[in-house]
Amino acid sequence: MGLLRSVVSKRLGLLAAGAALVLGMLAATAPAEGETFESLVDQARGKFKEKDYVGAVALFEKAYSVQPEPAILFNIGRIYEEANNVDAAIAYYEKFIADESVEMSQRDKALQRLQALEKIVEIRKKEEAKKNPQPAQPNPPNNTTQPTGDGNTQPQPVGPQPG
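Computed from a predicted model, the values in this text were never measured in an experiment.

A.B. asks: Hey, could you run me through the overall build of the protein in this one?
C.D. replies: Across its full length, the protein carries 6 helices and 2 strands. Counted from the first residue to the last, the protein has its helices and strands arranged as α-α-α-α-α-α-β-β. Within the protein, the proportion of its 163 residues that are buried is 21%. Roughly 12,100 Å² of accessible area belongs to the protein as shown, and the carbon and sulfur atoms make up 57% of that amount.

A.B. asks: Help me understand the packing of helix α4 (residues 70–82) against helix α5 (residues 86–98), please; the structure alone is not making it clear to me.
C.D. replies: Each packed pair of helices is defined by two parameters, the angle between the axes and the distance between the axes. It is at 8 Å that the axes of α4 and α5 come closest, and there the two elements cross at 160°. Between α4 and α5, the interaxial angle falls into the category roughly antiparallel. α4 and α5 meet at a crossing whose hand is left-handed. Of α5, the residues touching α4 (which contributes Pro70, Ala71, Leu73, Phe74, Ile76, Gly77, Arg78, Tyr80 and Glu81) are Ala88, Ala89, Tyr92, Tyr93, Lys95 and Phe96.

A.B. asks: Looking at this model, I keep getting lost on the nonpolar core. Mind explaining?
C.D. replies: A general tendency of soluble globular proteins is for nonpolar side chains to be buried together. One finds Phe60 and Tyr93 to be the most contacted residues of the largest nonpolar core, which totals 26 residues. Residue assignment for this core shows that the elements contributing at least two residues are α2 (37–49), α3 (53–66), α4, α5 and α6 (104–131). Considering every element that reaches this core, the biggest residue donor is α5, with 7 residues.

A.B. asks: Is there a simple way to think about the environment of Ala83 in this case?
C.D. replies: Within the secondary structure, Ala83 is located in the loop between α4 and α5. Expressed as a C-alpha distance, the spacing of Ala83 and Asp52, which sit 31 residues apart in the sequence, is 9.4 Å.

A.B. asks: Sorry if this is basic, but what is going on with α5 here?
C.D. replies: Given a rise of 1.5 Å per residue, 13 residues ought to cover 18 Å, and the 18 Å separating the end C-alpha atoms of α5 matches this to within 8%. For α5, the set of buried residues is Val86, Ala88, Ala89, Ile90, Tyr92, Tyr93, Phe96 and Ile97. Buried positions along α5 lie against α3, α4 and α6.

A.B. asks: Sorry, what's going on with the pattern of salt bridges here?
C.D. replies: For side chains bearing opposite charge, pairing can occur when the charged atoms are close. For the structure on display, the rule yields 9 salt bridges. Between Lys47 and Asp52 there is a salt bridge, with the nearest N and O atoms lying 3.7 Å from each other. Classification of Asp52 as partly exposed rests on a relative accessible area of 29%. Ionic contacts of the salt-bridge type, sharing partners, join the residues Arg78, Glu81, Glu82 and Arg113 into one network.

Parameters and conventions
- Residues numbered from 1 in each chain as written.
- Predicted model: local features only at pLDDT ≥ 70, side-chain atom pairs only at ≥ 80, totals over all residues.
- Heavy atoms only, no water.
- Helix = DSSP H or I, 4+ residues; strand = E, 2+ residues; numbered from the N terminus.
- Buried < 20%, exposed > 50% of the residue type's maximum accessible area, 1.4 Å probe, protein only.
- Areas by Shrake-Rupley, 256 points an atom, 1.4 Å probe, with all protein chains shown as cover.
- Axes fitted to C-alpha atoms, helices over the stretch in contact; angles between N-to-C directions.
- Parallel < 35°, antiparallel > 145°, perpendicular 65-115°, else oblique.
- Left-handed = near helix turned anticlockwise from the far one by under 90°.
- Contact = heavy atoms within 4.5 Å.
- Core = buried A, V, L, I, M, F, W, Y, C linked by side-chain atoms within 4.5 Å.
- Expected span 1.5 Å × (residues − 1).
- Salt bridge = Lys/Arg side-chain N within 4 Å of Asp/Glu carboxyl O.

Now the structure itself:
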């Protein structure tokens, strides 16, 4: 009974810690009293200029929670691109492109960025494959040659034979 109580207690502790983490994250993205969309965007731009990419993303996400302006998604994609987080940049550019309220000219701009990043991913994968080549796997033979009764060799199929 003591073991069960210990396991339950640990699980409840982990659950409480997880809940606290989620609540903390929600509080971090919720705007503070007096923060407006414009003030959050201005602060985010300042963080970006200072190369504080984590801070810039957090502020842009807060701004987006206040006013879901699609340009924010593009900006977050651009920040991740600058921070060399290609996967996150691609995800945000895709969200931006998928937003039906975005003008076609702006979608084209994001699509160009997206295509460039996808090409970068492709090149990186090729380079990684060159650095860590996989050992060649020998191909099993489909046929073998076996001697016939007259001394000649004839290809013979491998495996069960009909008959």
